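# Coordinates in review
One letter stands for each residue in the lines below.
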Amino acid sequence: MKKLSILLVALLGFSAISAHASIANAKKLVLIYHTQAIAENKEFAGPSVEEGKAFFNNKVKTANGKETACASCHTANPADNGKNIVTGKVIKPLSPVVNTKRFSDFDKVEAKFTQHCVDILGMDCTAAQKANYISYVLTEKTPTPKAKK
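Everything numeric here is computed off the predicted structure, so don't read it as measured data.

Here we take up the overall build of the protein. The helix and strand inventory of the protein stands at five helices and four strands. In the protein, the order of α-helices and β-strands from amino to carboxyl end is α-α-β-β-α-β-β-α-α. Burial status across the protein gives 34% buried among its 149 residues. A fraction of 56% describes how many contacts in the protein between residues 6 or more apart in sequence connect residues 24 or more apart. Looking at the protein as shown, the accessible area adds up to about 9,900 Å², and 61% of this sits on carbon and sulfur atoms.

Below, the structure written as structure tokens:
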């Protein structure tokens, strides 16, 4: 029993370290994008959770004439699993608090931003939009409770 308790404590500690590392990496990305945003626009005041949330939920018409937003696939709560509106594929949560693999690789983050921004907006997102977006996603820590049947 004592060995099992030690193992459980070690596993819980490891998952806490992973989550903390993921959050720390997301915060580093915010700083990188913040620096880039200032270089693009000297008047950039800094990352805004409110602007990130508005950007995340903002519906725009895509090239095919459909309205979509980040939340269309990722749900209104970035701590929840999402679902691709085209393929139906499940998308793991955006929140690095819930999904410790999110924002772990800058190159992958940048590639996904480029891909999705071009798909939805028709152009790459600005560094300010990226900083705001990640700042907002970092605030979402709790998945939406499942409704009882």
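Okay, the environment of glutamate 67 next. Take glutamate 67: it is sitting in strand 2 (residues 67–68). Each C-alpha atom, one on glutamate 67 and one on isoleucine 120, is 9.0 Å from the other, the two residues being 53 residues apart in sequence. Not counting the four nearest positions on each side in its chain, glutamate 67 is found in contact with Lys59, Val60 and Lys61.

Of all hydrophobic cores here, the largest spans 24 residues; its most connected members are Tyr33, Phe56, Phe103, Phe113, Tyr133 and Ile134. Mapped onto this core, the elements with two or more residues apiece are helix 1 (2–40), helix 2 (49–57), helix 3 (70–74), helix 4 (106–121) and helix 5 (127–139). The element contributing the most residues to this core is helix 5, with eight residues. Phenylalanine 56 has contacts with Ala69, Cys70, Ala71, His74, Thr75, Ala76, Pro78, Leu94, Tyr133 and Tyr136, leaving out every residue within four places of it along the chain.

With that settled, consider the packing of aromatic side chains. Following the criterion strictly, the structure yields six aromatic pairs and no others. Seen from their ring centres, tyrosine 33 and phenylalanine 106 are 5.8 Å apart, and the 35° between their planes marks the pair as tilted. Taken together, the residues span a long stretch of sequence, with tyrosine 33 in helix 1 and phenylalanine 106 in helix 4 at a distance of 73 residues. Taking the relative accessible area as the measure of exposure, phenylalanine 106 reaches 31% and is therefore partly exposed. Aromatic side chains phenylalanine 56 and tyrosine 136 sit 5.5 Å apart centroid to centroid with 55° between the ring planes, which places their arrangement in the tilted category. Separated by 80 residues along the polypeptide, phenylalanine 56 in helix 2 and tyrosine 136 in helix 5 bring together distant segments of the chain.

Below, the discussion takes up the state of the cysteines. In the structure shown here, the tally under the stated rule is one disulfide. One disulfide bridge connects cysteine 117 with cysteine 125, the sulfur atoms lying 1.7 Å from each other. The sign of the S-S torsion, about -90°, decides the handedness of the disulfide formed by cysteine 117 and cysteine 125: left-handed. For cysteine 117, a relative accessible area of 6% gives the class buried.

Cut-offs used in this document
Residues numbered from 1 in each chain as written. Predicted model: local features only at pLDDT ≥ 70, side-chain atom pairs only at ≥ 80, totals over all residues. Heavy atoms only, no water. Helix = DSSP H or I, 4+ residues; strand = E, 2+ residues; numbered from the N terminus. Buried < 20%, exposed > 50% of the residue type's maximum accessible area, 1.4 Å probe, protein only. Contact = heavy atoms within 4.5 Å. Areas by Shrake-Rupley, 256 points an atom, 1.4 Å probe, with all protein chains shown as cover. Core = buried A, V, L, I, M, F, W, Y, C linked by side-chain atoms within 4.5 Å. Phe/Tyr/Trp six-rings, centres within 6.5 Å; stacked < 30°, edge-to-face > 60°. Disulfide = S-S within 2.5 Å.

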